[in-house]
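# Residue-level structure breakdown
In case you want the letters, here they are:
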Amino acid sequence: MSHVEDELTSQPECWTRAAADAAGHGGALPAPGERVAIVGCGTSYFMAQSAAALREGAGQGETDAFAASEFPHGRSYDRVIALTRSGTTTEVLDLLARSKGTTRTTAITADPATPVMTAADDVVVLDYADERSVVQTRFATTALTLLRAHFGLHTDAVVADARTALAEPLPEGLVDCTQFTFLGRGWSVGLANEAGLKMREASLSWTEAYPAMEYRHGPISVTTAGTATWALDEAPEGLAEQVDGTGALWIQGTLDPLAELVRAQRLAVAVAASRGLDPDQPRHLTRSVILTPDPA
């Protein structure tokens with residue numbers, strides 16, 4: 001079993017622990033009414049998108065998500081939350097350093113022996129969700145679960161759905177597809193983006209991700225036999241029938257969208273195996289992007 005396969009199967013336990021611990025981290029996490037930005041890179045950026053949509057949708061305050069490298073420093077926030085598994089990502093550390101003394105910052109990380117521990121004002125360590133694989137699975141979803149529980153939006157049903165996602169077989173014919181599109185709505189748009197990234201990283205697949213209502217505004221034109229279109233959340237009326245008409249495989253998610261992401265993670269590993277790839281070591285990628293300054 002690959003590291004990523006072992007790690008993704010542990011997610012129900014990690015989510016249960018994060019939800020139970022959320023109350024103890026309340027001082028480091030945003031209070032209702034605060035204006036908040038959530039930042040990250042790669043997978044963490046997509047989790048930031050989902051967390052921001054969840055918080056603002058719950059009426060807890062204006063919440064934005066940014067790639068750390070694209071943060072608008074001229075904009076005022078009460079708190080910046082940085083998601084960083086490694087605690088060493090250059091763009092995240094640069095952002096935290098620039099925010100020091102002007103904006104309260106919180107880092108959610110997996111590694112307590114990294115520079116982020118002193119770079120942020122507050123730190124939440126999810127070391128039990130750390131990973132050996134380059135490809136992120138459980139840390140990302142555990143960090144999102146921590147925030148979801150803090151927002152009062154996590155239930156035991158989410159964990160039950162994750163167990164179902166791990167136990168049930170993948171839809172027949174899905175692994176044989178050559179192109180994959182993931183659709184989301186609201187907070188699950190970030191999850192759709194992450195599902196696409198997992199497929200690219202682990203299996204070198206051609207993948208796309210869109211807000212579900214955007215799919216008919218152009219992307220459906222490349223949908224054909226050999227395409228899989230997977231709605232992680234409720235699909236717009238009539239879209240399934242339109243996709244069926246293209247000859248593509250339509251997959252309608254029936255579980256909590258975060259559990260649907262677990263199914264997509266499993267798909268990425270399965271497609272990698274079918275192509276003889278090592279999902280733990282995706283080409284051209286490392287655990288953390290650490291940039292070396294140009295010499296003066």
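The text that follows walks through the structure, step by step, so that each part is easy to find.

What counts, and at which threshold
- For every chain, the first residue of its written sequence is number 1, and the numbers climb from 1 along that sequence.
- Per-residue local features are limited, in this predicted model, to residues with pLDDT of at least 70; the limit for side-chain atom pairs, both in listing and counting, is 80 or more; totals at the level of whole chains, interfaces and linings are taken over all residues.
- Calculation of side-chain values draws on the structure's entire complement of heavy atoms; hydrogens and water are dropped beforehand.
- Strands here mean DSSP runs of E at least two residues long; helices mean DSSP runs of H or I at least four residues long; both are numbered from the N terminus.
- The reference for a compact globule is 2.2 Å times residues^0.38; the radius of gyration itself is calculated from the C-alpha atoms.
- By definition, residues are in contact when any of their heavy atoms lie within 4.5 Å.
- Methods summary: accessible areas were calculated by the Shrake-Rupley approach with a probe of 1.4 Å, and residue burial reflects only the protein chains presented.
- This count recognises Lys and Arg as positive and Asp and Glu as negative, with His and chain-terminal groups excluded.
- Throughout, a charge is located at the NZ atom of Lys, the CZ atom of Arg, the CG atom of Asp or the CD atom of Glu.
- Helix span, as expected, comes to 1.5 Å for every residue beyond the first.
- Remark: exposure states derive from per-residue accessible area (1.4 Å probe, protein chains only) relative to the maximum for the residue type, with buried under 20%, exposed over 50%, and partly exposed in between.
- In this analysis, rings of Phe, Tyr and Trp, with Trp reduced to its six-membered ring, are considered paired at centre separations within 6.5 Å, and the interplanar angle assigns stacked below 30 degrees, edge-to-face beyond 60, and tilted for intermediate values.
- Whether a charge lies above a ring is judged from NZ of Lys or CZ of Arg, which has to be within 6 Å of the ring centre and within 35 degrees of the ring normal.
- The rule for pairing is simple: two strands pair if DSSP sees at least two bridges between them.
- For helices, the fitted line uses only the C-alpha atoms of the stretch in contact; every axis is such a line through C-alpha atoms, and the angle between N-to-C directions lies from 0 to 180 degrees.
- With the strands pointing away from the viewer, any crossover whose connection runs clockwise from the first strand over the helix to the second is right-handed.

### A closer look at the overall build of the chain
Within the chain one finds 10 helices and 9 strands. Its C-alpha atoms give the chain a radius of gyration of 19 Å, within 12% of the compact-globule value 19 Å for 296 residues. Principal-axis analysis of the C-alpha atoms places the extent of the chain at approximately 55 × 40 × 40 Å. The contacts in the chain between residues at least 6 apart in sequence include a share of 71% that link residues at least 24 apart. Total accessible area on the chain is roughly 12,300 Å²; 50% of this is exposed by carbon and sulfur atoms. Side chains of the chain carry 22 positive and 38 negative charges; the gap between the two charge centres is 4 Å.

### Description of helix H3 (residues 43–57)
Since there are 3.6 residues in each turn of an α-helix, residues three or four apart along the chain are aligned in direction. With 15 residues, H3 should cover 21 Å at 1.5 Å per step; its first-to-last C-alpha distance of 21 Å lies within 8% of that length. Listing the buried residues of H3 in full gives Thr43, Ser44, Phe46, Met47, Ala48, Ser50, Ala51, Ala52, Leu54 and Arg55. Where H3 is buried, its residues contact strand E1 (36–40), strand E2 (63–67), strand E3 (79–84), helix H6 (138–150), helix H8 (188–203) and helix H10 (257–274). Positive backbone phi, approximately 75°, marks Gly59, located one or two places after H3.

### Observations concerning unusual backbone geometry
Positioned with a positive phi, Leu204 is a non-glycine residue whose angle comes to about 55°. Here Leu204 is to be found in the loop between H8 and strand E7 (206–211).

### Observations regarding the packing of aromatic side chains
Across all of its chains, the model carries 6 aromatic pairs by this definition. Between the aromatic rings of Tyr210 and Tyr215, the centroid separation amounts to 6.3 Å while the plane-to-plane angle is 45°, which identifies the pairing as tilted. Residue Tyr215 is classed as buried on the basis of its relative accessible area of 0%. Of the aromatic side chains, those joined through ring pairs into one cluster are Phe66, Phe71 and Tyr77. Geometry around Tyr77 places Arg35 over its ring, the cationic atom sitting 4.7 Å from the centre.

### Structural notes on the sheet that holds strand E5 (residues 122–125)
If you trace the 5 strands from one edge of the open sheet to the other, you get E2-E1-E3-E4-E5, paired in parallel fashion. Taken across any chain shown, the strands that pair with only one partner, and hence form the sheet edges, are E2 and E5. Between one strand and the next, the sheet's axes are offset by a mean angle of 20°, whatever the strand orientation. Two elements, E1 and E2, share 5 bridges in a ladder whose sense is parallel. Bridge assignment links Val39 to a residue of E2, and that residue is Phe66. Against the sheet, helix H4 (residues 90–99) contacts E1, E3 and strand E4 (104–109), and its axis sits at roughly 160° relative to E3. Contacts from H6 reach E3, E4 and E5 within the one sheet, and its direction differs from that of E4 by about 135°.

### Here's the deal with the pairing of E7
Pairing of strand E6 (residues 179–184) with E7 involves 6 bridges; the strand directions are parallel. Bridge pairing in E7 links Gly184 to Pro211. The parallel pair E6 and E7, bridged by H8, forms a crossover whose chirality is right-handed.

From the geometry alone we can't say anything about function, so treat these as descriptive.
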